[in-house]
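Each chain is listed here by its residues.
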Amino acid sequence: MNQRKWILRFLWFLVLAALLYFALHNAPLTEILQTLQQLQLWQIAILLLINVVIYALVTLRWWIIVRAESKAIPYFPMLAVRVAVFGVSYFTLGPQVGGEPLQVLYLQRKYGLTYTRATASVFMDKLLEFLANFFLLGIGLTAILQAGILSGNGSNSFVSLSGLIILFLWPPIHIILMMRSIYPVSLTLRRVSNNKFVRFIAASERMAGTFCRRHFRSLLAAIAVSVLAAIGMVSEYFFSITSFLQIDLPFSQTVAAWTAGWLAFLVPLPGGLGALEASQVLALGAFGIAAASAISVTFLIRGRDLLIGGLGLLFAGRGIGK
């Protein structure tokens, strides 16, 4: 049994090492370093501080959800878990998801929560994350339409983005439905099958709905924290391009460029590889910014993500070792 346990640990470490090698092997490390060398030490310190605040808020949202029914779970250990989740999600295929099972395993193995209850907390965490991003993305999509980034014809751009707009409306609608004891994910999956996995998802969604009804104050607090975290992400982008790279844009265009970068991470590639660079050249180019400056923005973003993602993989490996 111990031998099997050590083999599984070794395989996990091998996977994490492969992900880190793939990311570093394909990342333009020289260009990233040159971009960072243009910044002063205090500017880098501000960027790091903003990211610390963002991850503190993201963790706080999850902690509020969990603490509503499990008062004994501390906050600070969850911060390392959230960084680990980012690391695994960033370096794997998919639209910035993949590390969430670490959250479930942490709550289940460390504090004895059932898989269903732990999954319900992660379900609510992701739902509120999308809910907060929706408001900023709504502003960004409006700016993208006005700028005509996707096409020169405004109506064609609207048609192109209509599907995304509907998608971003899903989180608030989903929360309202769950508060009324209507569970859309469960209803949809049960039309296809009623196997053990579907029943597990249905139970998790029902628990998430129970949280919305029983802990309305906690729900509002988590939403407020999530909105602050989303504002922090836009603020970091604003400071990066305006104060540090001397790219002067109006607020609406800055949000539009940030939105283009956020959408790039929905591409099923590790860290939106290639898509992020294309999104910034396209968006910032529409606002009259040179391609070289747009690429500098992506180098700065890549440097930040590689640093945090690398720490996340280390935290994930440490957790697996334990």
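Predicted model only: the values in this text are computed from it and were never measured. (Residues numbered from 1 in each chain as written. Predicted model: local features only at pLDDT ≥ 70, side-chain atom pairs only at ≥ 80, totals over all residues. Heavy atoms only, no water.)

Engineer: Describe the overall build of the protein, with residues and values.
Structural biologist: Scanning the protein from N- to C-terminus turns up 13 helices and zero strands. Going from N to C terminus, the protein has its helices and strands arranged as α-α-α-α-α-α-α-α-α-α-α-α-α. Nonlocal contacts in the protein, meaning residues at least 24 apart in sequence, comprise 70% of its contacts between residues at least 6 apart. Approximately 16,400 Å² of the protein is accessible, and the part contributed by carbon and sulfur atoms is 69%. (Helix = DSSP H or I, 4+ residues; strand = E, 2+ residues; numbered from the N terminus. Contact = heavy atoms within 4.5 Å. Areas by Shrake-Rupley, 256 points an atom, 1.4 Å probe, with all protein chains shown as cover.)

Engineer: How would you sum up the environment of Ile175? Please name residues and give values.
Structural biologist: On the secondary structure map, Ile175 appears in helix 7 (residues 154-179). Judged by relative accessible area, which is 6%, Ile175 ranks as buried. Spatially, the C-alpha atom of Ile175 lies 10.0 Å from that of Arg213, the residues being 38 residues apart in sequence. (Buried < 20%, exposed > 50% of the residue type's maximum accessible area, 1.4 Å probe, protein only.)

Engineer: Tell me what's going on with the pattern of salt bridges, and back it up with residues and numbers.
Structural biologist: Throughout the structure, instances matching the rule amount to eight salt bridges. Of the charged contacts in the structure, one is a salt bridge between Glu129 and Arg61, with a shortest N-O distance of 3.6 Å. Within this pair, whereas Glu129 is found in helix 6 (residues 115-147), its partner Arg61 is found in helix 3 (residues 41-67), the two being separated by 68 residues in sequence. Notably, a salt bridge pairs Lys126 with Glu100, separated by 3.3 Å at the nearest N-O pair. Of the two residues, Lys126 sits in helix 6 while Glu100 sits in helix 5 (residues 100-111), which places them 26 residues apart along the sequence. We note that Lys126, like Glu100, is buried. Bridged by salt links that share partners, the residues Arg61, Arg82, Glu100, Asp125, Lys126 and Glu129 form one connected network. (Salt bridge = Lys/Arg side-chain N within 4 Å of Asp/Glu carboxyl O.)

Engineer: Give a detailed account of the packing of aromatic side chains, specifying residues and quantitative values.
Structural biologist: In the structure shown here, the tally under the stated rule is six aromatic pairs. Ring centres 5.9 Å apart and planes at 80° place the aromatic pair Trp63 and Tyr75 in the edge-to-face group. Of this pair, Trp63 sits in helix 3 while Tyr75 is found in the loop between helix 3 and helix 4 (76-90), placing the two residues 12 residues apart along the sequence. Every member of this aromatic cluster is reached through a ring pair, and the members are Tyr55, Phe86 and Tyr90. (Phe/Tyr/Trp six-rings, centres within 6.5 Å; stacked < 30°, edge-to-face > 60°.)

Engineer: Explain helix 9 (residues 196-214) residue by residue, including any values.
Structural biologist: Relative to the 27 Å expected for 19 residues at 1.5 Å per residue, helix 9 spans 27 Å between its end C-alpha atoms, a close match to the ideal helical length. Buried residues of helix 9: Val198, Ile201, Ala202, Ala203, Ser204, Glu205, Ala208, Gly209, Thr210, Phe211 and Cys212, and no others. Two to three positions downstream of the cap, the backbone nitrogen of Phe197 sits 3.2 Å from a side-chain oxygen, assigning the N-cap of helix 9 to Asn195. (Expected span 1.5 Å × (residues − 1). Polar contact = N/O pair within 3.5 Å; in protein donor to acceptor, adjacent residues only side chain to side chain.)

Engineer: Describe a nonpolar patch on the surface, and please don't skip the residues or the numbers.
Structural biologist: On the surface, Leu48, Leu307, Leu311, Leu314 and Phe315 cluster together into a nonpolar patch covering about 460 Å² of accessible area. Residue contributions to the nonpolar patch peak at four residues, all from helix 13 (residues 291-321). Take Phe315: it is sitting in helix 13. (Patch = residues over 30% accessible without salt bridge, like charges linked within 9 Å, V, L, I, M, F, W, Y side chains within 5 Å.)

Engineer: Can you break down unusual backbone geometry residue by residue, with the values?
Structural biologist: In this structure, Ser181 is a non-glycine residue whose phi angle is positive, near 65°. Along the polypeptide, Ser181 turns up in the loop between helix 7 and helix 8 (184-190). Using a relative accessible area of 42% as the deciding quantity, one classes Ser181 as partly exposed.

Engineer: Break down the side chain of Ser121 for me, with residues and values.
Structural biologist: With respect to the helices, strands and loops of the structure, Ser121 is situated in helix 6. In terms of polar contacts, Ser121 uses its side chain to reach the side chain of Trp62, at 3.5 Å. Among the polar contacts made by the side chain of Ser121, one reaches the main-chain carbonyl oxygen of Ala118 at a distance of 2.7 Å. When neighbours within four sequence positions are excluded, Ser121 is seen to be in contact with Trp62, Ile65, Val66 and Leu107.

Engineer: An account of the packing of helix 9 against helix 10 (residues 216-244) is needed here, citing residue identities and associated values.
Structural biologist: Working note: a packed helix pair is described by the angle between its axes plus the distance between those axes. In the contact formed by helix 9 and helix 10, the axes pass within 5 Å of each other and the chain directions differ by 100°. Taken together, the axis directions place helix 9 and helix 10 in an arrangement best described as roughly perpendicular. Counting all contacts with helix 9, which are made through Phe211, Cys212, Arg213 and Arg214, the residues of helix 10 involved are Phe216, Ser218 and Leu219. Split into classes, the residues belonging to the contact of helix 9 with helix 10 amount to four nonpolar, one polar and two charged. (Axes fitted to C-alpha atoms, helices over the stretch in contact; angles between N-to-C directions. Parallel < 35°, antiparallel > 145°, perpendicular 65-115°, else oblique. Nonpolar A, V, L, I, M, F, W, Y, C, P; charged D, E, K, R; others polar.)

Engineer: Requested: an account of a positive patch on the surface, with residues and values cited.
Structural biologist: A cluster of basic residues, Arg190, Lys196, Arg199 and Arg206, forms a positive patch at the surface. Sort the elements by how many residues they give to the positive patch and helix 9 lands first, with three residues. Counting through the fold element by element, Arg199 comes out in helix 9. (Lys, Arg positive; Asp, Glu negative; His and termini not counted. Charge placed at Lys NZ, Arg CZ, Asp CG, Glu CD.)

Engineer: Now, about the nonpolar core: what can you tell me, with residues and values included?
Structural biologist: Within the largest apolar cluster, 45 residues are counted, with the highest numbers of intra-cluster contacts made by Tyr237, Ile247, Leu249, Trp258, Leu284 and Val297. Mapped onto this core, the elements with two or more residues apiece are helix 3, helix 4, helix 6, helix 10, helix 11 (251-264), helix 12 (275-286) and helix 13. With 21 residues, the next largest nonpolar core counts Ile50, Leu57, Ala222 and Ala229 among its residues. (Core = buried A, V, L, I, M, F, W, Y, C linked by side-chain atoms within 4.5 Å.)

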